[in-house]
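Letter by letter, the chains look like this.
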Amino acid sequence: MQPSAPRPRIVPSVLPADFSRLGDECRALEQAGVDRIQWDVMDGLFVPNITMGPDVIASVRPLVSVEFEAHLMVEEPDRLLSRWVDAGCGLVIVHAEACRHLHRTLAAVRGLGARAGVAVNPATPLCAVEHVLDLVDLLLVMTVNPGFGGQEYLASMEPKIAEARDLIARSGRQIELEVDGGIGRGTIAGAARAGATTFCAGSALFRERARLAEEVAELRRLAAEAAAEAVRVMDGTCREEDAA
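A quick note: this is a predicted structure, and the numbers were derived from the prediction, not measured.

Chemist: Honestly, the environment of Val11 in this entry has me stumped. Any pointers?
Modeler: Tracing the backbone shows Val11 in strand E1 (residues 9-12). Of the residues examined, Val11 reaches a relative accessible area of 0% and is grouped as buried. C-alpha of Val11 to C-alpha of Asp180: the two residues are 169 residues apart in sequence and 9.3 Å apart in space. Leaving out residues up to four positions away in the same chain, Val11 has contacts with Arg36, Ile37, Gln38, Glu69, Glu178, Thr198, Phe199, Cys200 and Ala201.

Chemist: Could you clarify how one ought to interpret the nonpolar core in this entry?
Modeler: Residues Trp39, Val92 and Phe199 are the most contacted members of the largest nonpolar core, which totals 69 residues. Of all the elements, helix H8 (residues 212-243) adds the most residues to this core, at 6 residues. Contacts of Trp39, omitting those with residues within four sequence positions, involve Val14, Leu22, Cys26, Met52, Val56, Ile57, Val60, Phe68, Glu69, Ala70 and His71. In this structure, Leu91, Ala119, Leu138 and Leu140 belong to the second largest nonpolar core, which totals 7 residues.

Chemist: Please explain helix H4 (residues 102-111) as it appears in this structure.
Modeler: Three- or four-residue spacings in an α-helix give side chains the same orientation, since the helix completes a turn every 3.6 residues. The set of residues buried in H4 consists of Leu102, Thr105, Leu106 and Val109. The buried residues of H4 all sit within an arc of 95 degrees when viewed along its axis, so they share a single face. Residues of H4 that are exposed and angled more than 90 degrees away from the buried face: Arg104 and Gly111. Close packing links the buried residues of H4 with helix H3 (81-86), strand E4 (89-95) and strand E5 (115-120). Positive backbone phi, at 90 degrees, marks Gly113, one or two positions downstream of H4.

Chemist: What is the right way to read the side chain of Glu25 from this model?
Modeler: Along the chain, Glu25 turns up in helix H1 (residues 22-31). At 2.8 Å, the side chain of Glu25 and the backbone nitrogen of Asp18 are in polar contact.

Chemist: Any chance you could explain the pattern of salt bridges here in plain terms?
Modeler: Oppositely charged side chains can form a pair if their charged atoms are brought close together. The tally for this structure, following the rule as stated, stands at 20 salt bridges. For the salt bridge of Arg27 with Asp24, the shortest nitrogen-to-oxygen distance reads 2.9 Å. Taken together, the residues span about one helical turn, with Arg27 and Asp24 both in helix H1 at a distance of 3 residues. Arg36 is the partner of Glu176 in a salt bridge, and the nearest nitrogen-oxygen pair spans 3.1 Å. Of this pair, Glu176 sits in strand E7 (residues 176-180) while Arg36 sits in strand E2 (residues 36-42), and the two are 140 residues apart along the sequence. On the basis of relative accessibility, which here comes to 8%, the residue Glu176 falls in the buried class. The class for Arg36 is buried, based on a relative accessible area of 3%. Overlapping salt bridges bring together Arg9, Arg36, Glu67, Glu69, Arg115, Glu176 and Glu178 as one network.

Chemist: How do you make sense of helix H5 (residues 158-171) when you look at a structure like this?
Modeler: Counted at 1.5 Å a residue, the expected span for H5 with its 14 residues is 20 Å, and the 20 Å between its end C-alpha atoms agrees. Among the residues making up H5, those that are buried are Lys160, Ile161, Ala164, Leu167 and Ile168. Buried positions in H5, seen along its axis, are confined to an arc of 115 degrees and lie on one side of it. Of the exposed residues in H5, those oriented more than 90 degrees away from the buried face are Pro159, Ala169 and Arg170. Buried residues along H5 sit against E5, strand E6 (138-142), E7 and helix H6 (188-194). Backbone geometry just after H5 places Gly172 at a positive phi near 75 degrees.

What counts, and where the lines are drawn
Residues numbered from 1 in each chain as written. Predicted model: local features only at pLDDT ≥ 70, side-chain atom pairs only at ≥ 80, totals over all residues. Heavy atoms only, no water. Helix = DSSP H or I, 4+ residues; strand = E, 2+ residues; numbered from the N terminus. Buried < 20%, exposed > 50% of the residue type's maximum accessible area, 1.4 Å probe, protein only. Contact = heavy atoms within 4.5 Å. Core = buried A, V, L, I, M, F, W, Y, C linked by side-chain atoms within 4.5 Å. Arc of directions from axis to C-beta. Polar contact = N/O pair within 3.5 Å; in protein donor to acceptor, adjacent residues only side chain to side chain. Salt bridge = Lys/Arg side-chain N within 4 Å of Asp/Glu carboxyl O. Expected span 1.5 Å × (residues − 1).

Below, the structure is given as structure tokens:
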């Protein structure tokens, strides 16, 4: 029996949102059928940009029911982990590059009752997270260098996405594989064929405010078709190997 590809998850970043009407923007995203909302937390140290703190996230939490994920692009994330969870983020993603003791940090996230994610920058090899997968609910492969929205997708990361998919398969754990950076109609299929199942899109969605639901559905359709194609190709390859 041919395996089926999982339903793609579309997770918008609020970075391109109108911050003067952040609650309305998040309501619109929920109504458009997104799977989660990502909060890009930047401290001006780990990345050359500053965004929002936990109080901003907490102010929006009562307005929508969709799950929140905090993507912490910060130095020393351990210091405020509880604040992001208390603000309503059910998933907290830290960067492997920012954690002196990554295993301890991920364990602390789970100890707070949240799911734990780990992100790796384009130049960071996956061996940096190989030995903490027992604590990981989500692995995020950055397809841009973090810090700013609207960057060009790095197609050179697709072999790394495929490597991450193999790493997860070998772990035997149910770990989401997310990609973040430059995701839109022209790029989501490549990431999906490589093995990503969750797609963080920012600028591509907010450029289509008037038709958010249609854009979310189209991104999901493109990802699903690409993932199904990859499954068919893999199934055909396996059949050929078995026949040989």
